[in-house]
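Report on the structure
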Amino acid sequence: MKVCIDPGHGGTDPGASGKDPFVLNEKDVNLSICLFLKKELEAKGHTVFLTRDKDIAVSLSDRAEFANQKNADIFISVHCNSFANNTAEGIETWIFSGSKSGKKLAEPVQKSLVATFSNHKDRGIKEANFQVLRETQMPAILVECEFISNPTQLKFLSDKENHEKIAKAITLGI
Ligand SMILES: [Zn+2]
């Protein structure tokens, strides 16, 4: 299968920034998870395309267009969540509103993530009109791994071992 992996944000766009108990930018966590994800998927024989493999800014339309040009079978965007209330936590997966193929992909991925991280809150599958989900022509999901705004989860997201575990869980779901 051809998989397009999309590490959210990058370059001049840091995404959400965790500030407590230390500074951590979402863009760096997303990229690290996606590099592990590439490795895991390739080990399973999949062909992987990354919308970025370094710390650069890529527009949302370019990310979707890249996946379409590569004729990817599925599209996985990886993000970390953030909220004003720093107690918000959990893992959720987004699909384009009403997308049946997106849901079919999101369900096993979300299930695998919350099975791997059973002490994390399962926030379920949510629907939105996100540009990368709307403009991609293949089944597409956007995974929000945890809340970088939550001090406990920021520590979780700073740990490379967890990036690898997240990558393995997503791969298992796929
Ligand atoms: Zn993001």
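As shown above, the structure is provided for reference.
Residues numbered from 1 in each chain as written. Predicted model: local features only at pLDDT ≥ 70, side-chain atom pairs only at ≥ 80, totals over all residues. Heavy atoms only, no water.

**Side note on the coordination of the zinc ion**
Stated formally: Here the coordinating atoms are restricted to nitrogen, oxygen and sulfur within 2.8 Å of the metal centre, or 3.2 Å for Na, K and Ca, and because water is not among them the sites may look incomplete. The numbering of helices and of strands both runs from the N terminus, where a helix is a DSSP run of H or I of at least 4 residues and a strand a run of E of at least 2. Summary of the burial criterion: residues with accessible area below 20% of their type's maximum are buried, those above 50% are exposed, and those between are partly exposed, where the area comes from a 1.4 Å probe applied to protein chains only.
Around the zinc ion, the protein contributes the donor atoms His-9 (NE2), Glu-26 (OE) and His-79 (ND1), which lie 2.1 to 2.2 Å from the metal centre. In the primary structure, the donors to the zinc ion are separated according to the pattern H-x16-E-x52-H. In this pair, His-9 is assigned in the loop between strand E1 (2-7) and strand E2 (17-18) and Glu-26 in helix H1 (residues 26-43), connecting sequence segments 17 residues apart. Of the two residues examined, His-9 and Glu-26, each falls in the buried class.

**A short note on the packing of helix H3 (residues 100-116) against helix H6 (residues 160-173)**
Cut-off, in case you're wondering: A fitted line through C-alpha atoms serves as each axis, taken over the contacting stretch for helices, and the angle formed by two N-to-C directions is quoted from 0 to 180°. Angle categories: roughly parallel below 35 degrees, roughly antiparallel above 145, roughly perpendicular from 65 to 115, and oblique for all the rest. Note on convention: the crossing is left-handed when the near helix lies turned anticlockwise from the far helix by less than a right angle, right-handed when the turn is clockwise. A contact between two residues is defined here by any heavy atoms of the two lying within 4.5 Å. By the convention adopted, Pro, Cys, Tyr, Trp, Phe, Met, Ile, Leu, Val and Ala count as nonpolar, Lys, Arg, Asp and Glu as charged, and the other residues, Gly among them, as polar.
Taken N-terminus to C-terminus, the directions of H3 and H6 make an angle of 140°; their axes are 7 Å apart at the nearest point. The angle between H3 and H6 places the two elements in the oblique class. Where H3 crosses over H6, the two elements pack in a sense that is right-handed. Counting all contacts with H3, which are made through Pro-108, Val-109, Ser-112, Leu-113 and Thr-116, the residues of H6 involved are Lys-165, Ile-166, Ala-169, Ile-170, Leu-172 and Gly-173. Residues that form the contact of H3 with H6 fall into these classes: seven nonpolar, three polar and one charged.

**What about the pattern of salt bridges?**
We count it as follows: Think of a salt bridge as a Lys or Arg side-chain nitrogen and an Asp or Glu carboxyl oxygen that are within 4 Å of each other.
Evaluation of the coordinates by the stated rule reveals seven salt bridges. The partner of Lys-38 in a salt bridge is Glu-42, and the shortest N-O contact between them spans 2.9 Å. Residue Lys-38 and its partner Glu-42 are located together in helix H1, separated by four residues, close to a single helical turn. Between Glu-135 and Arg-134 there is a salt bridge whose closest N-O contact spans 3.7 Å. We classify Arg-134 as partly exposed; its relative accessible area is 38%. The structure contains a network of salt bridges with shared partners spanning Glu-92, Arg-123 and Lys-126.

**A closer look at helix H5 (residues 151-158)**
For an α-helix, 3.6 residues make a turn, and residues three or four places apart therefore share a direction. Using the following cut-off: It is the directions from the helix axis to the C-beta atoms that the arc portrays.
Inspection of H5 places Gln-153, Leu-154, Phe-156 and Leu-157 among the buried residues, and these make up the whole buried set. In an axial view of H5, the angular spread of the buried residues amounts to 160°, which keeps them on one side of the axis. Buried residues along H5 sit in contact with E2, strand E3 (24-25), H1, strand E5 (74-81), strand E8 (140-147) and H6.

**With respect to the pairing of strand E6 (residues 91-96)**
Heads up, the condition is: The criterion for strand pairing is that DSSP finds at least two bridges linking the strands in question. By the criterion used throughout, a crossover qualifies as right-handed when its path from the first strand across the helix to the second strand runs clockwise, the strands pointing away from the viewer.
Of all six residues making up E6, five are buried, and the element is well covered by its neighbours. Bridge count for E6 against strand E7 (residues 122-128) is six bridges, and the pairing is parallel. Considered in E7, the bridge of Phe-96 is made with Ala-128. Each parallel crossover has a hand, and the one from E6 via H3 to E7 is right-handed. Alignment of E6 against E8, held across three bridges, turns out to be antiparallel. Within the sheet, the bridge partner assigned to Thr-93 lies in E8 and is Val-143.

Bear in mind that shape data such as this cannot, by itself, settle questions of function.
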